[in-house]
Amino acid sequence: MLQLGQLFAVAVGYLLLLFLVAYAAERRWVPAGLVRHPLTYALSLGVYATSWSYSGSVGYARAQGFNFLAIYVGVTLSCLLVPVVWQPVLRLTREHQLTSLADLFAFRFQSHGAGVLVTLFMLAGNVPYLALQIRAVTQGVRLLGHAPPASMVGLVFCALVALFALLFGARHVTPRERHAGLGLAIAFESVVKLGALLAVAAVAVTHVFGGAGGLGRWLAAHPEALEEVYRPVREGPWATLLLLSFAAGFLLPRQFHMAFTEALGSRALGVAAWAFPAFLLLLNLAVLPLLWAGQVALPGVHPDNYVLGLAHGTGVSALAFVGAVSAASAMVIVDTLALAAMCLNHLFLPRRNLAGAGDLYRGLLWARRVLIVVIIFFGYGFSRLLDVRAGLVELGLISFVAVVQVLPGLLAVLFWRGATRLGFLSGLSAGIAVWAATLFLPLLARAHLLPAGFDLAHFFGIVPGTEPWSIATFWSLGLNVLLFGGVSLLTQQSPREEEAAGLCTRAPRLVEPMVVEAGSPRDFQAKLAPLLGLDAATTEVDLALADLNMLVDERRPAQLQKLRERLQRNLSGLVGPLRARWLVDRGIRVDPRRQPALSERLRSLEEQLRMSRAQLHGAPAELEAFRRYLRRVLEDLPLGVCALGPDRDVVIWNRALETLSGVHASDAVGARLDQLEGPLALTLRNFLQQESPHAEVCLTFNGRERVLSLGKSQEPASSAPADLRGPVLLVEDLTERKALAAQVAHQDRLASVGRLAAGVAHEIGNPLTGIACLAQNLQKESSGEQRDRLALILRETQRIDTIVRVLLGFSHAGTIHAVPRFERFEAREAFGEAITLVQLSRQAKRVVCHNRVASGLLLDGDRQRLLQVFVNLISNACDASPAGGDVVVEGEALGDVVRLRVTDRGTGIDDAVRERMFEPFFTTKPPGQGTGLGLPLAQSIVREHLGTLEVESSPGKGTTVVVELPSRGEPERLAGGAAQLQAPAK
Amino acid sequence: MPHRPDHRTRVVEPALWVFGLALLVFASRSRLMWADGQHSWLWPFGLWAAVILVGAVVNRRTD
């Protein structure tokens, strides 16, 4: 026999171990993979198995045979409906931050009364269950050790359990943060009680029957034992027990808390759907062996005490006691946490002024802790007053019948949009009344807490000495469902109920746009501060902003509406759904007189159409398809389109405008035009003020200068509704077109020069010919020095003739109307001509040009156009070179390519200029000295010839321009390339 | 393109079928067949385990 001191040490030691497990999880000494494992979560649902399962099942099996199994098979049936029932409940609790069953019903029926009624009912229905656990522990101590005062054992147990609940179950005030330590500890307790029960069963079977074979032989010798366990299934309240346990599996406060409030997620719930029933199956394998062993070895002992009785005096007595403590403590801890949350939100907070509470979070946490202690010790008090004859199962079933009363309401939450608040309250009240009359009041009467006259069970046909569960369940649930359905059909829902019903049943719903009476998140803080306190208001708004990834300077009405909704949801987890709604409705009002902006109404309408698209048929479906087509056309236009509402809010901001402005549509739509940033937005605002419907502007953004054409629609006819009138702005990027026009103009100028040059050449040519002829004639008649001078005159006239011819040929290349003429020519000769032309200018004369192009190097292409390129490159090189400097022209054949290089030792080009040097109109020369078109033209001509033009340069080290051209390009191919580049875009 | 069944078809209906099967085994009068007292005491546990297993397989397939 264990001494009292030993038992005390075992119990305290075990609870300390539990503390350590929870602490290790909180401090992350235990791998997160184990803490957050789906099997850990599934085992935590094993809190369902309490002292009833540990000890009471054996007693119940004695009285009711296999009916004891119905309490667990019903849970299995419930788990089979995880995808149908549990998952939607999880979604609702997560989305709307509902922390308890009372929160769920208060939210769905938008009724403070529903929350209060469910809270009080759950308290009344579960306090006997709490008392049962405490009593089981005291009975266990009495059985295993001496008979100490039950009050002391119960008090110590309650104190330790309360401490655990305070330390590990009430660390966080919102459901956003799970209690990792609690989950792991409860899972640990499930493993302990399973191990303990199976160990005791194994020891008992071994000691009493000599092993499993011996048990089999005993059963063969006592067939009545099997018949005794099977008969109640055929004759007893099997179906009723299935129904009760079906509901209890997820609606008992402790089950709801672990399954949903402390849930890991949808995937873990899927694993728990089979793992939790598997745990219960293993647990119950021990029950019948324990029953038969107890019947043989402990004939005079109450069956509820068989487990501890059979372990007594064996090596597992301490383990058996630990198992009993484990089964009881888990239930008390979790049930208390669940009931405390309900009491806080529905009994305590509704009357409190939150703003005057100082630190709101600290206040809520301490209120929760006080409630935990009060509830535990209320359960202790009840256990002291209970009729000692009341069995463990009897007390448990009273709670089960209580919990099943909320099953119709839960099913309505998920599947019946038409259920009304009045229907729910009526049905539940009737169910509570019958439950109290048939079960609860008789229990109190038997405990002499009420006069005997309060035993009203006989009014419902319950005869003393019979099982009351079936009748009590039938009448209570029957009246509940009847009134719930009937009153719901006869009453109307409020608009808020309708909205909540839609949210719960996932019906497609249109979020009506509304105008919030706050211009920014900071306004939200200011408006909530008088209701929550400044610190809490600031914290909650910051939290909601972070959840939505929203900036603190957000102004758009649609986003502010989302922020409002998010705030309400977060507050729901803190103070309950109805209080949260009251706070937000009171603090951040909606202006019903103001109509939402056109952009928001359009967004809402498009959302509605998107949701109901599958239900559209015929003409409406076609109209919707046509609307989407027009929308796509607007989006894909190469023209920027910005449509504004009457309040100047952006309704349409298409893709082209996104590219031009750098402002994404998601940032622009819904905002007012004056709220957008950037040079284009500013330009559009200014343009809107002007009277003229057209404008051309030059803007610099993203480091580039762009020429934009702006246009705006005229105001629509007065027949258009006032709320749909608003200007449409069009933005066209003319930059490329302007560059092309400038290129054409330049070509025209060159063509004009060419024509002028032709005339000049003709005028010069005539007298030049005369001079040459005269000089020739005189040379024939002269000799000596005079003859030499005449030869010089002849050479100079030839030189003039060459210059004029080259100039004439070059100017003819500067016309866009000239058809490219491809021919094969010598590169050295072409470069020679280019050098001659360039050195006509005074600047270039100061630079020495070296033509080192290899002789015989041939090029294929339009000679005149390429000459233009060479002149441009050599001219730039000379401009960059100092007086007396060198410009070297080189060329060589490299396989299929001819590489030409023009090198100077000038100032070099820095990276910023090099990035832009091929842009049209970009020049570093002073105004009037450069058009900025030379290099772009040169590059264009080289590309026509399927070549490349690269620049190698660094500041202070000169520049080398490298042109590579195909060396044996067939003229036809080159011509084709040029034609492709010159063809207008289709 | 093959049409992917919606959530209801993929997940809810198989769960309802298994639930119905379990009700048939445990809640209907068919329980008289296995509760006739002629079977081993482990027989209900075997049925229970089979229902759990079928539920787990169906759940896994619809994930």
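Residues numbered from 1 in each chain as written. Chains lettered and ligands numbered in written order. Predicted model: local features only at pLDDT ≥ 70, side-chain atom pairs only at ≥ 80, totals over all residues.

A. Structural detail: the overall build of chain A. Within chain A, the regular secondary structure consists of 41 helices and 12 strands. Residue burial in chain A is summarised as follows: out of 986 residues, 46% are buried. Counted over contacts in chain A with a minimum sequence separation of 6, partners at least 24 positions apart contribute 75%. (Helix = DSSP H or I, 4+ residues; strand = E, 2+ residues; numbered from the N terminus. Buried ≥ 20, exposed ≤ 12 C-beta atoms within 10 Å, placed from the backbone. Contact = placed C-beta atoms within 7 Å.)

B. Seen up close, unusual backbone geometry. Residues and elements named next belong to chain A. Unusually for a residue other than glycine, Arg-28 sits at a positive phi of about 60°. Locating Arg-28 in the fold gives a position in the loop between α1 (4-26) and α2 (32-35). Although it is not a glycine, Leu-946 adopts a positive phi angle of roughly 60°. Positionally, Leu-946 belongs in the loop between α40 (934-944) and β11 (948-953). Taking the C-beta count within 10 Å as the criterion, Leu-946 has 19 such neighbours and is therefore assigned partly exposed.

C. Geometry of the interface of chain B and chain A. Listed per partner, the contact involves 26 residues of chain B and 26 residues of chain A. Sorting the residues of the side of chain B that touches chain A by element identifies α1 (7-26), α2 (31-34) and α3 (43-62) of chain B as the ones contributing at least two each. Considering only residue class, the side of chain B that touches chain A consists of 20 nonpolar, 3 polar and 3 charged. (Nonpolar A, V, L, I, M, F, W, Y, C, P; charged D, E, K, R; others polar.)

D. The packing of helix α4 (residues 51-64) of chain A against helix α16 (residues 287-297) of chain A, seen in detail. Residues and elements named next belong to chain A. Between α4 and α16, the shortest axis-to-axis distance is 9 Å and the interhelical angle comes to 70°. Considering their axes alone, α4 and α16 lie roughly perpendicular with respect to each other. Along the contact surface, α4 presents Ser-57, Val-58, Ala-61 and Arg-62, while α16 presents Val-287, Leu-288, Leu-290, Leu-291 and Gly-294. (Axes fitted to C-alpha atoms, helices over the stretch in contact; angles between N-to-C directions. Parallel < 35°, antiparallel > 145°, perpendicular 65-115°, else oblique.)

E. Region of the structure containing the environment of A:Val898. Among the secondary structure elements, A:Val898 is positioned in strand β10 (residues 897-904). In this structure, the C-alpha to C-alpha distance between A:Val898 and A:Val963, residues 65 residues apart in sequence, is 8.1 Å.

F. View of the pairing of β11(A). Residue and element names in this part refer to chain A. As paired strands, β11 and strand β12 (residues 959-966) are joined by 6 bridges and run antiparallel to one another. Residue pairing in the sheet places Leu-949 in a bridge with Val-963 of β12. The turn joining β11 and β12, which pair antiparallel and follow one another in sequence, is formed by 5 residues; a positive phi near 85° is taken by Gly-956. (Pairing = 2+ DSSP bridges.)

G. Quick peek at the nonpolar core. Residue and element names in this part refer to chain A. Counting residues in each nonpolar core, the largest one holds 216 residues, and the members touching the most others are Val-200, Leu-290, Val-307 and Val-401. When residues in this core are grouped by element, the largest group, 22 residues, is from helix α18 (residues 317-348). In terms of domain composition, this core takes at least three residues from each of domain 1 (4-404) and domain 2 (413-509). Residues within four places of Leu-290 in sequence aside, it is in contact with Val-58, Val-200, Ala-201, Ala-204, Tyr-306, Val-307 and Leu-310. (Core = buried A, V, L, I, M, F, W, Y, C linked by C-beta atoms within 7 Å. Domains from an automatic or database assignment.)

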